[in-house]
2 protein chains.
Amino acid sequence: MRATTIHAPGDIRVEQVPDPVLKKATDAIVKVTAGCICGSDLWPYRGENPIRPGATIGHECIGVVEEVGSEVSLFRRGDFVIVPFCHCDNTCAHCRAGAQSACVNLGMTSSGQAEYARVTQADGSLVGTGEAPPPELLTSVLALTDVMPTGWHAAVSAGVRPGDTVAVVGDGAVGLCGVLAASVLGAERIIAMSRHESRQQVARAFGATHVVAARGAEGQAEVLELTDGVGVDAALECVGTDDAMSTAIAVTRPGGGVGFVGVPHGVQLPVRTLFEKNIGVRGGMAPVRRYLPELLDLVTAGRIEPGLVFDLTLPLEQSPEGYRAMDERRAIKVMLQP
Amino acid sequence: MRATTIHAPGDIRVEQVPDPVLKKATDAIVKVTAGCICGSDLWPYRGENPIRPGATIGHECIGVVEEVGSEVSLFRRGDFVIVPFCHCDNTCAHCRAGAQSACVNLGMTSSGQAEYARVTQADGSLVGTGEAPPPELLTSVLALTDVMPTGWHAAVSAGVRPGDTVAVVGDGAVGLCGVLAASVLGAERIIAMSRHESRQQVARAFGATHVVAARGAEGQAEVLELTDGVGVDAALECVGTDDAMSTAIAVTRPGGGVGFVGVPHGVQLPVRTLFEKNIGVRGGMAPVRRYLPELLDLVTAGRIEPGLVFDLTLPLEQSPEGYRAMDERRAIKVMLQP
């Protein structure tokens, strides 16, 4: 099949690789209708994560079931499915407790930017949509594989409640989905920290009531000023850097919560500050499967349109250009069509 | 007045010092009926916190209002009161949000082991008991000034819910009160980590269903074994050391919560582990005033008896012996009577 591969920092190719095959009786193979590039794919692209040269890349996709293992009973060839980036059996103790991203049978989509993807624990992982989604819902359904549940997880982890004032640090697709999540969860005031006009527009469409363009100490001061010096009830850290975490903690009121979903790169948690301000910190990889049914209902009912984060669609063959566009922040999020 | 003072590590004295006086119209002076020694008093006693030689020490006391400032309207001379160790106006934005320990007018009791104590923000801080508590409730009421609300805060911060399995790291008076709090909040299984038989007994009286005496890796393994390898829903870190925090995090299941109330000394929060396990961490100085009414009701109704943590009562003049007894772990908690 044709698949996106990574060979070195900055070296993304579309190549012929072996088709994925069923390895376990609980696997399924999905023919990819649409995949996309994640902000976290930029870590290896920028040389900040180790790379296995020639490995396929991409963990977000939707598509049609092509083949299932003998123990898969809930899905069959032809079903249209959403593939959570993290696979789970949805039955183990961790899954039952809502921590599907720590499933004892955890798996990951490894060829989402390709023609086919293997899904482990298919019965537990996949969520069917019935018919293929209509074209106008396609990007929003694709967003449910990772970016929207991850923004949702940031808001849930931060403890966003109705009436809250919320700050969102990071204006990537996850941060924007965090704005949308906070809005759906009832936040009254949502401060999006964003310097880019196109992203500010999406943030406002998603429910941001305020935008702060400044960063660092200046940005923190602006958020505090907007809250009469009190700080926000909840902050969503959607980047993964120490600067972003510092900002999130600095703008949170005593007793508030920080939800973090950016994979931490060099983050130091200041335990004395957290203690002095009684600020809770919680986050991690989103338990996508837990949130999927509720989020799919919201998409289907037209209540949320997370697909707005996609501002560039390319054929699979142009994956390398998709990476460049996201790396240079010319695009918020790129959809790839095999 | 006679007061306990600290001059250097290990050098506790009872001396004549000036009586505290009203400094602000919102102050009150309380004649101390009973005070006590806190685990956190041992930090300076052991030379791990800076010391101002000759300073009074002690932040827990109950007693009778002696004098009030002109702006104190809710209390008057003769009222029996509980003095939260952290004083608050109970009206600022942080107090209204339940973060009274970050009040914009925060104060601290500074001569709780003495004949008199000054209380700032008296209207916001103090809680009256009506009559003086009967002798059999005295220690339990005294425990409400700090140690019981702090254990309660650990359980609330960890997110303890009915049916949970909870581990408590630390068998000091706060840890034991954490056991009691978890029990009242509905935890089904409570694992007290304790090596000392007298403390294990109190833990069991407070609701511990299991005791793990081992520490470090061995103790962690025992807790995991008790939970079929899953880990606990919530862990209470009631010490303040890196070892205790590491244990709390290691025994918590993915998606669980760690509540920490030991003042952090050398604690490093492992952000990648927290991310990978989606473990929430929250804690700090307890907002005592927030919890006091509910906890006082529980004490008055005979539903909790946190006073069981006191196993040594001394006259004020024997403060130095009280410190020695707690430092050498001969006593769990020492009450001092002026």
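Residues numbered from 1 in each chain as written. Chains lettered and ligands numbered in written order. Predicted model: local features only at pLDDT ≥ 70, side-chain atom pairs only at ≥ 80, totals over all residues. Heavy atoms only, no water.

## Quick word on the packing of helix 8 (residues 216-226) of chain B against helix 9 (residues 242-250) of chain B
Residues and elements named next belong to chain B.
Move 1: Where helix 8 contacts helix 9, the axes come no closer than 10 Å and their chain directions differ by 25°. In terms of axis orientation, helix 8 runs roughly parallel to helix 9. Once helix 8 is placed against helix 9, the crossing between them reads as right-handed. Note on element contacts: helix 9 touches helix 8 through Ser246, Thr247 and Ala250, opposite Gly216, Gln220 and Leu224.
Move 2: Its residues placed into classes, the contact of helix 8 with helix 9 shows two nonpolar, four polar and no charged. (Axes fitted to C-alpha atoms, helices over the stretch in contact; angles between N-to-C directions. Helix = DSSP H or I, 4+ residues; strand = E, 2+ residues; numbered from the N terminus. Parallel < 35°, antiparallel > 145°, perpendicular 65-115°, else oblique. Left-handed = near helix turned anticlockwise from the far one by under 90°. Contact = heavy atoms within 4.5 Å. Nonpolar A, V, L, I, M, F, W, Y, C, P; charged D, E, K, R; others polar.)

## Concerning the pattern of salt bridges
Residue and element names in this part refer to chain A.
Move 1: Under the defined criterion, the tally for this structure stands at 24 salt bridges over all chains.
Move 2: Taking the shortest distance from any N to any O, the salt bridge between glutamate 317 and arginine 2 comes out at 3.0 Å. Taken together, the positions of glutamate 317 in the loop between strand 17 (312-315) and helix 12 (319-327) and arginine 2 in strand 1 (residues 2-8) put the pair 315 residues apart, joining distant regions of the chain.
Move 3: You can call arginine 2 partly exposed: its relative accessible area is 27%.
Move 4: Across the pair aspartate 171 and arginine 329 runs a salt bridge, and its minimum N-O distance is 2.6 Å. In this pair, aspartate 171 is assigned in the loop between strand 11 (165-169) and helix 6 (173-184) and arginine 329 in the loop between helix 12 and strand 18 (334-337), connecting sequence segments 158 residues apart.
Move 5: Accessibility expressed as a relative area gives 6% for aspartate 171, which makes it buried.
Move 6: Arginine 329 sits in the partly exposed class, given a relative accessible area of 35%.
Move 7: Among the charged side chains, a salt-bridge network with shared partners connects Glu321, Arg324, Glu328 and Arg330. (Salt bridge = Lys/Arg side-chain N within 4 Å of Asp/Glu carboxyl O. Buried < 20%, exposed > 50% of the residue type's maximum accessible area, 1.4 Å probe, protein only.)

## As for the packing of helix 6 (residues 173-184) of chain B against helix 7 (residues 197-206) of chain B
Residues and elements named next belong to chain B.
Move 1: At their nearest, the axes of helix 6 and helix 7 sit 8 Å apart, and the two run at 15° to each other. When the interaxial angle is binned, helix 6 and helix 7 end up roughly parallel. Taken as a pair, helix 6 and helix 7 cross one another with a handedness that is right-handed. Contacts between helix 6 and helix 7 involve Leu176, Cys177, Val179, Leu180 and Ser183 from the former and Arg199, Val202, Ala203 and Phe206 from the latter.
Move 2: Here the contact of helix 6 with helix 7 is composed, by residue class, of seven nonpolar, one polar and one charged.

## Side note on the environment of Arg76(B)
Residues and elements named next belong to chain B.
Move 1: Looking at the secondary structure, you find arginine 76 in the loop between strand 5 (61-68) and strand 6 (80-83).
Move 2: Along the chain, arginine 76 and alanine 154 lie 78 residues apart, while their C-alpha atoms are 33 Å from each other.
Move 3: Non-local contacts of arginine 76, meaning those with residues more than four positions away in its chain, are made with Val65 and Val68.

## Quick look at the interface of chain A and chain B
Move 1: On the side of chain B, 32 residues touch chain A, which itself brings 32 residues to the contact.
Move 2: Put simply, chain A and chain B have zero salt bridges between them.
Move 3: Among the secondary structure elements, those contributing two or more residues to the side of chain A that touches chain B are helix 2 (93-96), strand 15 (252-260), helix 10 (271-277) and strand 16 (280-283) of chain A.
Move 4: Considering each element in turn, the side of chain A that touches chain B owes the most residues, six residues, to strand 15 of chain A.
Move 5: Looking at side-chain class alone, the side of chain A that touches chain B contains 18 nonpolar, 11 polar and three charged residues.

## So, the domain arrangement of chain A
All names here are of chain A.
Move 1: By the assigned domains, chain A splits into domain 1 (2-146 + 287-337) and domain 2 (148-283).
Move 2: One C-alpha centre belongs to domain 1, the other to domain 2; they are set 26 Å apart.
Move 3: Taken residue by residue, the interface counts 24 residues in domain 1 and 23 residues in domain 2.
Move 4: Counting the surface domain 1 buries against domain 2, the share from its top three residues, Trp43, Arg329 and Ile332, is 32%.
Move 5: The interface formed by domain 1 and domain 2 holds one salt bridge in total.
Move 6: Where domain 1 packs against domain 2, one counts eight residue pairs in polar contact (both at pLDDT 80 or more).
Move 7: Sort the elements by how many residues they give to the side of domain 1 that touches domain 2 and helix 11 (residues 288-300) lands first, with six residues.
Move 8: Looking at side-chain class alone, the side of domain 1 that touches domain 2 contains 15 nonpolar, one polar and eight charged residues. (Domains from an automatic or database assignment. Buried area = accessible area lost by both parts, 1.4 Å probe. Polar contact = N/O pair within 3.5 Å; in protein donor to acceptor, adjacent residues only side chain to side chain.)

## Some points on the UniProt feature "domain: Enoyl reductase (ER)" (unreviewed entry) in chain A
Move 1: If you check UniProt for "domain: Enoyl reductase (ER)" (unreviewed entry), the listed places come out as residues 7-336 of chain A in our numbering.
Move 2: What you have in residues 7-336 of chain A is 30% helix and 25% strand, and the ends, taken at the C-alpha atoms, are 19 Å apart. (UniProt positions renumbered as here; feature names shortened; annotations may be inferred.)

## Describing the relation of the copies chain A and chain B
Move 1: Aligned on chain B, chain A shows an RMSD of 0.0 Å; the corresponding rotation is 180° and the shift along the axis is 0.0 Å. On this basis, the relationship between the two copies can be described by a two-fold rotation axis. When C-alpha distances to the rotation axis are compared across chain A, the minimum falls at Val281(A), with a value of 2.7 Å. (Least-squares fit on C-alpha atoms with pLDDT ≥ 70 in both.)

## Notes on the pairing of strand 5 (residues 60-68) of chain A
Residues and elements named next belong to chain A.
Move 1: Where strand 3 (residues 28-36) meets strand 5, eight bridges bridge the pair, whose relative direction is antiparallel. Residue pairing in the sheet places alanine 34 in a bridge with isoleucine 62 of strand 5.
Move 2: Where strand 5 meets strand 6 (residues 80-83), four bridges bridge the pair, whose relative direction is antiparallel. The residue bridging isoleucine 62 from the neighbouring strand is isoleucine 82, located in strand 6. (Pairing = 2+ DSSP bridges.)

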